[in-house]
Amino acid sequence: MNERLWGILVDAFPKLLGYGVRVTVPLTILSFALALLIAVAVALIQYANVKVLRQVCRFYIWIIRGTPLLVQLWLVFYGLPSAGILLDAFPAAVVVFGFNEGAYMAESVRGALESVSRGQLEAGYCVGMSYMQIMVHVVLPQAFRTAFPALSNSLISMLKGTSLASTITVMEMFRQATVINGRVYESLGLYTEVALIYLAFCTILTWLQRLGEKKLASYGGVRA
Amino acid sequence: MMLEARGVRKSFDGREVLGGIDLQVEKGDVIAILGPSGSGKTTLLRCLNFLERADAGELVFDGERFDLHAATRRDIARVRKKTAFVFQNYNLFLNKTVLQNVTLGLTLGAKMKKDAAREIAVRSLERVGMAGRLDSYPSQLSGGQQQRVAIARGLASNPEIIYFDEPTSALDPELIGEVLAVMRQLADEGMTMLVVTHEMEFARNVSSKVLFMEGGAVVESGPSRAFFENPQEERSHAFIRSILEARGGERSQE
Ligand SMILES: Nc1ncnc2c1ncn2[C@@H]1O[C@H](COP(=O)(O)OP(=O)(O)OP(=O)(O)O)[C@@H](O)[C@H]1O
Ligand SMILES: [Mg+2]
């Protein structure tokens, strides 16, 4: 590796990492929080079979899963202003990532809820517990444990997916890499460098996931 | 009469499963509900506890009348307070320990203080011989042990009647005895029980009465002894014979 390239990469590193920590990570966390909120609500509506809302949820999942994320992003950021809905780039990205991943996560959460036997719900009724009490103390804890690996995977894929926000002008880690590259023309080196930083972030998340899976109560060793 | 059900009807998808069942239970009765598969035994128990909504029927419990079809939330809570239900698959809370399985209904359902609930739970678990496993999780117990915990969970609320839906059907043969022993002990202590079962030994020797159902109707009901020794209906006769034959077959295979 020649000295010029090395110098460029070393210069770029703190800038890239800075945008990663200050933009990519918060973007991921906010989007994931929104996605989780949506996923749990949608899954609970489907689990409890709430009549009209249930149809709404199915429609939402159908639309999201049937259209590309990039198209959703562009539709919201470049398209909606024509309809009078104007969002800044960052909030637009949070909304789109949140609603997008939320649809997939809703399926994970719903599957996890369904995997808790309905008999436990009935047993809860029979000892005088309310639906809410049974959900909070019995069903949701078990479902959360079951859904945890899938939700962790969603988080990781979301972190990588935030790079798409660069296409709607959000100055996050990847866009920063393209900006630097526009000055120095070192695509191979810079994009490798930014890939490695993503890899490091994802490795940390994977490690946290393993830790979490170990930490989660094992209920005497049963794998729900 | 402690409990009386009248005209319990239930259809699933237009197919009638219960065609107007009448049932009387005196305090201390142990009634075995017998009948071939699909005759509606489970559905009957579930309707009595509102796990299934009957299409019609009424329940008189301690002189208080409830509409099995149109009962309100409050009615349902009142009935469930006086009853316990033991399921074929135990349905223990898998994320809770043995002790928590029993206390949860007391603290959350009956709003009891933690200490008081614990005391009652331990006593209930002692009655079924499971007080030594307070901190175990259901997955660490055998089926027979899980079912005994489930019975303790039911006992904890001090019910007037316990419904059992085939409590030993999911168990390996060698584990059936310990559950039946607990049930027999409860019967001896005067507990009122309604037991759907295929255990003829239990029906004949422990239960005081038999209710024989077929096709969603009661074919014959009366004292156990009379039912087994001198069934009045041809269908009852055939049922008893078929069970004895099946059992004979099992024996000769062993
Ligand atoms: N939730 C349901 N939806 C539709 N059909 C049902 C439902 N529950 C029960 N049935 C039907 O009702 C009939 C009676 O069922 P039930 O479980 O009460 O019979 P059972 O006497 O308990 O039989 P088994 O001895 O096999 O347990 C069966 O034909 C069953 O398929
Ligand atoms: Mg049944």
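Located above this text is the structure these notes cover.
Residues numbered from 1 in each chain as written. Chains lettered and ligands numbered in written order. Predicted model: local features only at pLDDT ≥ 70, side-chain atom pairs only at ≥ 80, totals over all residues. Heavy atoms only, no water.

Draft legend 1. The overall build of chain A, seen in detail. Scanning chain A from N- to C-terminus turns up eight helices and zero strands. Helices and strands appear in chain A in the N-to-C order α-α-α-α-α-α-α-α. Dimensions of chain A, computed from the C-alpha atoms along their principal axes, are close to 75 × 50 × 25 Å. Per-residue burial over chain A gives 43% buried out of 224 residues. Relative to all contacts within chain A whose residues are 6 or more apart in sequence, the contacts with residues 24 or more apart total 77%. (Helix = DSSP H or I, 4+ residues; strand = E, 2+ residues; numbered from the N terminus. Buried < 20%, exposed > 50% of the residue type's maximum accessible area, 1.4 Å probe, protein only. Contact = heavy atoms within 4.5 Å.)

Draft legend 2. Representation of the site of ligand 1 within the structure. Residues and elements named next belong to chain B. Looking at ligand 1, there are 13 residues lining it, with Ser37, Gly38, Lys41, Thr42 and Thr43 nearest. At a separation of 2.9 Å, an oxygen atom of ligand 1 approaches a polar side-chain atom of arginine 15. Measuring from an oxygen atom of ligand 1, one finds a backbone N or O atom of glycine 40 at 3.0 Å. Notes on ligand 1: free accessible area 630 Å², of which the protein chains cover 64%. Broken down by secondary-structure element, the contributors of at least two residues to the shell around ligand 1 are strand E2 (15-25) and helix H1 (41-48). Examining the composition of the shell around ligand 1, we find that three residues originate from one element, H1, more than from any other. (Near = heavy atom within 4 Å. Polar contact = N/O pair within 3.5 Å; in protein donor to acceptor, adjacent residues only side chain to side chain. Areas by Shrake-Rupley, 256 points an atom, 1.4 Å probe, with all protein chains shown as cover.)

Draft legend 3. Focus on the sheet that holds strand E4 (residues 56-61) of chain B. Residues and elements named next belong to chain B. Read from one edge to the other, the open sheet built from four strands follows the order E2-E1-E4-E5, with strand pairing classed as antiparallel. Both outer strands of the open sheet, E2 and strand E5 (64-67), are each paired with one neighbouring strand and no more. Mean inter-strand twist for the sheet, computed between neighbouring axes without regard to direction, equals 20°. Bridge count for strand E1 (residues 3-12) against E2 is eight bridges, and the pairing is antiparallel. By the bridge assignment for E2, serine 11 is matched with glutamate 16. Packed onto the sheet, helix H2 (residues 73-81) meets E4 and E5 and runs at close to 125° relative to E5. (Pairing = 2+ DSSP bridges. Axes fitted to C-alpha atoms, helices over the stretch in contact; angles between N-to-C directions.)

Draft legend 4. Focus on the interface of chain A and chain B. With 19 residues of chain A at the interface, the matching set in chain B holds 22 residues. Both sides together, the interface formed by chain A and chain B hides about 1800 Å², and carbon and sulfur atoms give 62% of it. One can count one salt bridge joining chain A with chain B. Between arginine 46 of chain B and glutamate 122 of chain A there is a salt bridge; the shortest N-O distance is 2.7 Å. Elements supplying a minimum of two residues to the side of chain A that touches chain B: helix H5 (118-126) and helix H6 (131-161) of chain A. For the side of chain A that touches chain B, the element with the highest residue contribution is H5 of chain A, accounting for seven residues. Split into classes, the residues belonging to the side of chain A that touches chain B amount to nine nonpolar, nine polar and one charged. (Buried area = accessible area lost by both parts, 1.4 Å probe. Salt bridge = Lys/Arg side-chain N within 4 Å of Asp/Glu carboxyl O. Nonpolar A, V, L, I, M, F, W, Y, C, P; charged D, E, K, R; others polar.)

Draft legend 5. Geometry of helix H1 (residues 3-47) of chain A. All names here are of chain A. Roughly 35° is the biggest bend found in H1, and it falls at glycine 20. One side-chain oxygen at the N-terminal end of H1 lies 3.2 Å from the backbone nitrogen of arginine 4; it belongs to asparagine 2. Backbone geometry just downstream of H1 places asparagine 49 in the positive-phi region, at approximately 55°. (Bend = angle between axes of the 7 residues up to and from the residue.)

Draft legend 6. The packing of aromatic side chains, seen in detail. In this structure the tally under the stated criterion is 12 aromatic pairs over all chains. When the ring of phenylalanine 59 of chain A is compared with that of tryptophan 62 of chain A, the centres are 5.9 Å apart and the planes differ by 45°; the resulting orientation is tilted. Taken together, the positions of phenylalanine 59 of chain A and tryptophan 62 of chain A, both in helix H2 (residues 51-65) and three residues apart, correspond to about one turn of that helix. One aromatic cluster is present, built from ring pairs that chain together Phe212, Phe227, Phe228 and Phe239 of chain B. One Lys or Arg, arginine 118 of chain A, reaches over the ring of tyrosine 47 of chain A and ends 4.0 Å from the middle of that ring. Its end group placed over the ring of phenylalanine 61 of chain B, lysine 82 of chain B keeps NZ or CZ at 4.9 Å from the ring centre. (Phe/Tyr/Trp six-rings, centres within 6.5 Å; stacked < 30°, edge-to-face > 60°. Lys NZ or Arg CZ within 6 Å of the ring centre and 35° of its normal.)

Draft legend 7. Representation of the environment of serine 207 of chain B in the model. Residue and element names in this part refer to chain B. Here serine 207 shows up in the loop between helix H7 (200-205) and strand E9 (209-214). With a relative accessible area of 5%, serine 207 lands in the buried category. Apart from residues no more than four positions distant in its own chain, serine 207 is found in contact with Val30, Ile31, Ala32, Phe202 and Ser224.

Draft legend 8. Highlighting the packing of H1 of chain A against helix H4 (residues 89-115) of chain A. All names here are of chain A. Contact geometry for H1 and H4: axes closest at 5 Å, N-to-C directions at 40°. Taken as axis vectors, H1 and H4 run oblique relative to one another. Where H1 crosses over H4, the two elements pack in a sense that is right-handed. For the contact of H1 with H4, the residue count by class is 24 nonpolar, four polar and four charged. (Parallel < 35°, antiparallel > 145°, perpendicular 65-115°, else oblique. Left-handed = near helix turned anticlockwise from the far one by under 90°.)

Draft legend 9. The arrangement of the pattern of salt bridges in detail. All names here are of chain B. Taken as a whole, this structure holds 18 salt bridges over all chains when the rule is applied. Residue glutamate 16 pairs with arginine 9 through a salt bridge whose shortest N-O separation is 3.3 Å. For glutamate 16, a relative accessible area of 47% corresponds to the partly exposed category. Looking at arginine 9, the relative accessible area reads 38%, which means it is partly exposed.

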